[in-house]
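# Survey of secondary and tertiary structure
What follows is each chain in one-letter form.
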Amino acid sequence: MTKLQDVWAAGKSAANGWLALPGSHLAEVMAHQGWDALTIDLQHSSIDVAAAVPMLQAMAAADVTPIVRVPWNEPSVMMRVLDAGAYGIICPMVNSREDAENFVSACRYPPAGMRSNGAYRGMIVGGSDYQKTANSEIVTFAMIETREGMANLKEIAETPGLDALYIGPTDLAFSHGHPPVHNNFDGPVAALIAEILAAAHAAGIKAGVHATNTEYAAKMMEDGFDLVTPTSDLRMIQAAAPDVLAGLSGVGGR
Ligand code: 3PY
Ligand code: MG
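The following refers to the structure shown. (Residues numbered from 1 in each chain as written. Chains lettered and ligands numbered in written order. Predicted model: local features only at pLDDT ≥ 70, side-chain atom pairs only at ≥ 80, totals over all residues. Heavy atoms only, no water.)

### Regarding the site of ligand 1
- Around ligand 1, the neighbouring residues are R69, M143, E145, G168, P169, T170, D171, H182 and H210.
- At 2.8 Å, a side-chain N or O of R69 approaches an oxygen atom of ligand 1.
- At 3.3 Å, a backbone N or O of P169 approaches an oxygen atom of ligand 1.
- Considered on its own, ligand 1 offers 230 Å² of accessible surface; in the complex 93% of this is hidden by protein.
- At three residues, helix α10 (residues 169–175) tops the list of elements feeding residues into the shell around ligand 1.
- Among the residues making up the shell around ligand 1, the classes are represented as two nonpolar, four polar and three charged. (Near = heavy atom within 4 Å. Polar contact = N/O pair within 3.5 Å; in protein donor to acceptor, adjacent residues only side chain to side chain. Areas by Shrake-Rupley, 256 points an atom, 1.4 Å probe, with all protein chains shown as cover. Helix = DSSP H or I, 4+ residues; strand = E, 2+ residues; numbered from the N terminus. Nonpolar A, V, L, I, M, F, W, Y, C, P; charged D, E, K, R; others polar.)

Below, the structure is given as structure tokens:
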């Protein structure tokens, strides 16, 4: 079992870190901070598969479950990052049962799915029985973040082999005609988020949500989310630097 699965088996909620910036050194530093899982974002970043591989290598020395958010529901990228040692895939814009089935199939070896054999790095981190354990250890997160995804929520959540729903709050808000903001403590997007959480649990799978604020992430954990992403590397730098500079304001002629 992975660390993420251990956390879930203990009935706890997982803290997921988010890497929006490329670089193995940064990935290594983040991986040693105590996150349960750490996601490399290939959708909204400059990181490609080749750049993700040294990041996965750097993360392997720490006790953290490596996840990749792929750019789209496209099997070749999923298979390449799984081969490189990812133990979870977050797939954007899963809008229908068919989308969800295609996503899960790309992440599972036959007979459960259509994943192709060739885990050049998965075999190193996962060991010689990797092909036997991969299907049960790799966690699949289908992102619900559109009006269409909401319309098909129950069918998506009940997709065989799907492990979790993951909410993209800003796209979800956008597609429902609301401003694309995170950390919806209340209002119409908060109601949609509660609906997704309930649908995941009704289907017997996990639910995760993206956030950019610790207070909101903590509330989502208290509300029953199984995984929250409270911030990213990029946001932490952007949040901390102004404070540092404010401390120098009025000093040294500034
Ligand atoms: C969204 O808010 O739509 C996301 O995908 C979060 O990264
Ligand atoms: Mg999104």
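### Here's the deal with the coordination of the magnesium ion (ligand 2)
- At this site the magnesium ion (ligand 2) is bound by E145 (OE) and D171 (OD), with donor distances of 2.0 to 2.1 Å. With E145 in the loop between β5 (139–144) and α8 (147–151) and D171 in helix α10, this residue pair connects regions lying 26 residues apart in the sequence. (Donors = N, O, S within 2.8 Å, 3.2 Å for Na, K, Ca; no water.)

### Details of the packing of aromatic side chains
- By the definition in use, this model includes six aromatic pairs.
- Residues F141 and Y166 carry aromatic rings whose centres are separated by 6.2 Å and whose planes lie at 85° to one another, so their mutual orientation is edge-to-face. Pair noted here: F141 is in strand β5 and Y166 is in strand β6 (residues 164–167), with a separation of 25 residues, a long-range link. Side by side, F141 and Y166 carry an identical accessibility label, which is buried.
- Members of the aromatic cluster, connected to one another through ring pairs, are W8, W18, F141 and Y166. (Phe/Tyr/Trp six-rings, centres within 6.5 Å; stacked < 30°, edge-to-face > 60°. Buried < 20%, exposed > 50% of the residue type's maximum accessible area, 1.4 Å probe, protein only.)

### A closer look at the pairing of strand β1 (residues 14–19)
- Taking burial as the measure, the six residues of β1 include five buried ones, the bulk of the element.
- Where β1 meets strand β8 (residues 227–229), two bridges bridge the pair, whose relative direction is parallel. What sits directly across from A14, in β8, is L227.
- Looking at chain direction, β1 and strand β2 (residues 37–41) are connected through four bridges and run parallel. Residue pairing across strands places G17 opposite L38, the latter belonging to β2.
- Tracing the backbone out of β1, into helix α2 (residues 24–31) and back to the parallel element β2 gives a crossover that is right-handed. (Pairing = 2+ DSSP bridges. Right-handed = clockwise from strand over helix to strand, strands pointing away.)

These values are about where atoms sit, not about what they do.
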